[in-house]
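Structural overview for review
Residue strings, one per chain:
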Amino acid sequence: MAHAPAPIATLLEIVFPGDTNHHGTLFGGAGLAYMDRIAFIAASRHGRVPFVTASCENVSFHKPAHVGEIVSFDASIREVRRRSLTVEVKMAAQTILGGERHLCTAGVFHMVALPGEGKAAGWSLPPLTEKAAPARPDELCMADIVFADQVNGNGALFGGHALAFMTKAAFISASRLSGRLTVLAATRQIDFHHPVALGAIVEAMARIASVGRSSIHVEVDLWSECLLTGERQLAAKGQFVMVAVDASHRPVAARQEPSAPES
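Residues numbered from 1 in each chain as written. Predicted model: local features only at pLDDT ≥ 70, side-chain atom pairs only at ≥ 80, totals over all residues. Heavy atoms only, no water.

**Examining the pattern of salt bridges**
- Within this structure, the stated rule accounts for 15 salt bridges.
- The salt bridge involving R101 is made with D74; its shortest N-O contact spans 3.9 Å. Taken together, the residues span a long stretch of sequence, with R101 in strand β5 (residues 101–113) and D74 in strand β3 (residues 70–80) at a distance of 27 residues.
- Residue classification places R101 among the partly exposed residues on the basis of a relative accessible area of 48%.
- D74 gets classed as buried once you look at its relative accessible area, which sits at 18%.
- The salt bridge involving E139 is made with R207; its shortest N-O contact spans 3.5 Å. In this pair, E139 is assigned in strand β6 (residues 139–145) and R207 in strand β8 (residues 201–211), connecting sequence segments 68 residues apart.
- Beyond isolated ion pairs, a larger network of salt bridges with shared partners links R45, R48, E203, E225 and R232. (Salt bridge = Lys/Arg side-chain N within 4 Å of Asp/Glu carboxyl O. Helix = DSSP H or I, 4+ residues; strand = E, 2+ residues; numbered from the N terminus. Buried < 20%, exposed > 50% of the residue type's maximum accessible area, 1.4 Å probe, protein only.)

**Considering the sheet that holds strand β7 (residues 181–192)**
- The strand order across the open sheet formed by five strands is β6-β8-β9-β10-β7, and the pairing between neighbours is antiparallel. Looking at the sheet topology across the chains shown, the edges are occupied by β6 and β7. Put simply, the sheet's adjacent strands are angled 25° from each other on average, direction ignored.
- Strand direction decides the pairing type here: strand β9 (residues 215–225) and strand β10 (residues 232–245), joined by eleven bridges, are antiparallel. Residue pairing in the sheet places V218 in a bridge with F240 of β10.
- Each of β6, β8, β9 and β10 is contacted by helix α1 (residues 28–47), which is oriented at about 95° to β6, the strand it contacts most.
- Packing against the sheet, helix α2 (residues 159–178) makes contact with β6, β7, β8, β9 and β10, and its axis sits at approximately 135° to β9. (Pairing = 2+ DSSP bridges. Axes fitted to C-alpha atoms, helices over the stretch in contact; angles between N-to-C directions. Contact = heavy atoms within 4.5 Å.)

Put into structure tokens, the structure is as follows:
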């Protein structure tokens with residue numbers, strides 16, 4: 001039995017009210033935009049040339065994603081041709097309370113390479129030789145692209161956007177561990193090492209450092225990756241303290257106690 005390839009890129013988002021339709025679920029157009037974005041990242045990581053979306057097909061909507069849920073977009077390369085490739089993208093939603101996960105949408109995106117004048121006439125994309133390694137179970141990885149509205153006057157990712165991206169990674173990591181809503185209580189240390197340029201892939205890698213009674217300490221590394229070369233540099237590093245809270249926003253145990261078996 002053949003196994004599906006591991007995702008070459010994953011984008012994680014949280015459904016906010018501004019992204020929902022009148023039913024209170026993620027707007028289909030917003031979901032498709034995220035799917036196209038992660039398909040572009042996956043294609044760029046494989047070919048290391050500019051890509052454009054040629055078409056998408058077999059897009060099927062199974063279940064909606066609701067406000068407050070964590071949505072993941074996983075992209076895997078399915079087929080590589082001379083100057084185009086096919087990316088399969090799956091969107092899944094996960095509730096914070098209980099951690100229930102379900103497939104929302106799946107689709108296939110056909111991406112076309114634009115190698116430019118620097119490539120020989122006979123240039124072609126590299127073949128799909130091996131599957132991407134699965135992510136470590138104790139580490140959360142989420143990628144995105146830096147767009148023009150996120151950069152400062154020097155053309156680099158604005159520090160506030162970098163912090164927001166890192167905080168989102170800390171929130172998702174802590175909430176998945178706890179199965180409860182978590183809020184940011186403090187940042188222990190934030191160090192910026194290298195600017196992230198417009199158009200670069202930015203990837204946050206979050207790890208649980210320690211767990212207290214109600215607090216969860218999360219370490220987050222922010223990496224910058226050049227689209228065309230694959231060169232990666234550590235852009236920032238931070239420590240975040242997340243606190244588990246109840247519906248009244250009062251601190252509660254970070255880990256839920258297992259229910260006692262019935263006698």
